[in-house]
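# Structural overview
Listed below, chain by chain, are the residues.
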Amino acid sequence: MTPSPSARQETPIRLFRSDFLEFFSHMSPIAVLVIFLPMVGYFMWRAFTLNTGKPIWSVLVAFLVGLIVWTPTEYLLHRFVFHFSPKNPSEKMKRFLFLMHGVHHAQPRVKTRLVMPPALSVPLAGLFYLAFSLVVGRWMGLPDLMPAVFAGFMLGYVVYDTTHYALHHFSFSGGYWQKLRRHHMGHHFKTHNMRFGVSSWVWDDVFHTNVRD
């Protein structure tokens, strides 16, 4: 894996008048690891603590389920939230959509805007935690396994964001990674309304949003 020759530096679009807000619109991929890997570790520790004396495989299966659940979530978020396209949007809505994802499409090679800022990712993580608490903990009646499911889901997010950074910033020699990079670059430079998967193209195949070049 080597730096991509196409990952040239661009002068980032300034998003905010405030230097304070502008600072937090830029993010290193290291921040994703620093913030979310300890979170993954904590919730796995919590799951093992709550399931002391029970088969270890139940916690590991719950973790795997959360990891798998991330994959369609990644696709659906990218397709229907990040690429939300309302009819007759207001100027405020246009501004919000540009801040959320449009700026990345406007400048896909700006390294400090390749991962989601914590100002957005942390609140989203909180919402998903509440959703898992409701679905897994209350409706399914598995509160002791919910932390493991959430940990797997969060690891899926870490893989997604670091993969996204790597696809933009590095060149790959392996066939799988080359194909994945072509898939994502096709989304940016050929078909913005197709190829929404980042860490995998599986759900693009399922929902017929893939393109065979």
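The sections below set out a description of the structure shown in this document. (Residues numbered from 1 in each chain as written. Predicted model: local features only at pLDDT ≥ 70, side-chain atom pairs only at ≥ 80, totals over all residues. Heavy atoms only, no water.)

### Side note on the packing of aromatic side chains
For the structure on display, the rule yields 21 aromatic pairs. Measuring from centroid to centroid gives 5.8 Å for Y42 and W45, while their planes differ by 40°, and the two rings are tilted. In this pair, Y42 and W45 are both assigned in helix α2 (residues 29-50), three residues apart and thus about one turn of the helix distant. The interplanar angle of 40° and the centroid separation of 5.2 Å between the aromatic rings of Y176 and W201 together place this pair among those described as tilted. (Phe/Tyr/Trp six-rings, centres within 6.5 Å; stacked < 30°, edge-to-face > 60°. Helix = DSSP H or I, 4+ residues; strand = E, 2+ residues; numbered from the N terminus.)

### Focus: unusual backbone geometry
Residue R195 is not a glycine yet carries a positive backbone phi of 55°. Note on placement: R195 falls in the loop between α7 (175-189) and α8 (202-206). Residue R195 is classed as buried on the basis of its relative accessible area of 2%. The phi torsion at H208 lies on the positive side, around 60°, for a residue other than glycine. Relative to the helices and strands, H208 is located in the segment after α8. (Buried < 20%, exposed > 50% of the residue type's maximum accessible area, 1.4 Å probe, protein only.)

### Some thoughts on empty space enclosed by the protein
Inspection of the entire model under this criterion finds three cavities of 30 Å³ or more. A volume near 90 Å³ is recorded for the largest cavity. Along the walls of the largest cavity sit F36, W70, L77, M116, S121, L124, A125, F128, F153, M154 and Y157, which together make up its complete lining. Looking at the lining of the largest cavity, the element that brings in the most residues is helix α5 (residues 118-139), giving four residues. Partitioned by chemical class, the residues of the lining of the largest cavity number ten nonpolar, one polar and no charged. (1 Å grid on protein atoms, 1.4 Å probe; cavity = no way out; pocket = protein on both sides within 12 Å on 5 of 7 lines; lining within 4 Å. Points joined across faces, edges and corners; volume = space filled by probe spheres on them. Nonpolar A, V, L, I, M, F, W, Y, C, P; charged D, E, K, R; others polar.)

### Structural notes on the layout of surface pockets
What the largest pocket holds in volume is close to 540 Å³. Of all the elements in the fold, those that place two or more residues in the lining of the largest pocket are α4 (91-106), α5 and α6 (146-169). Here the residues of the lining of the largest pocket are counted per class, giving 16 nonpolar, five polar and two charged.

### A closer look at a nonpolar patch on the surface
Residues F48, I56, W57, L60, V61, V65 and V69 make up a contiguous nonpolar surface patch of about 630 Å² in total accessible area. If one sorts the elements of the nonpolar patch by residue count, helix α3 (residues 56-82) sits on top with six residues. Along the chain, the position of F48 falls in helix α2. (Patch = residues over 30% accessible without salt bridge, like charges linked within 9 Å, V, L, I, M, F, W, Y side chains within 5 Å. Areas by Shrake-Rupley, 256 points an atom, 1.4 Å probe, with all protein chains shown as cover. Salt bridge = Lys/Arg side-chain N within 4 Å of Asp/Glu carboxyl O.)

### Re the nonpolar core
Of all hydrophobic cores here, the largest spans 41 residues; its most connected members are F36, F132, F150, M154 and Y157. Those elements that provide at least two residues to this core are α2, α3, α4, α5 and α6. Ranked by residue count, the leading element in this core is α6, at 13 residues. Once residues lying within four places of it in the same chain are set aside, the contact partners of F132 are V69, G137, M146, V149, F150 and F153. (Core = buried A, V, L, I, M, F, W, Y, C linked by side-chain atoms within 4.5 Å. Contact = heavy atoms within 4.5 Å.)

Structural measurements only, silent on function.
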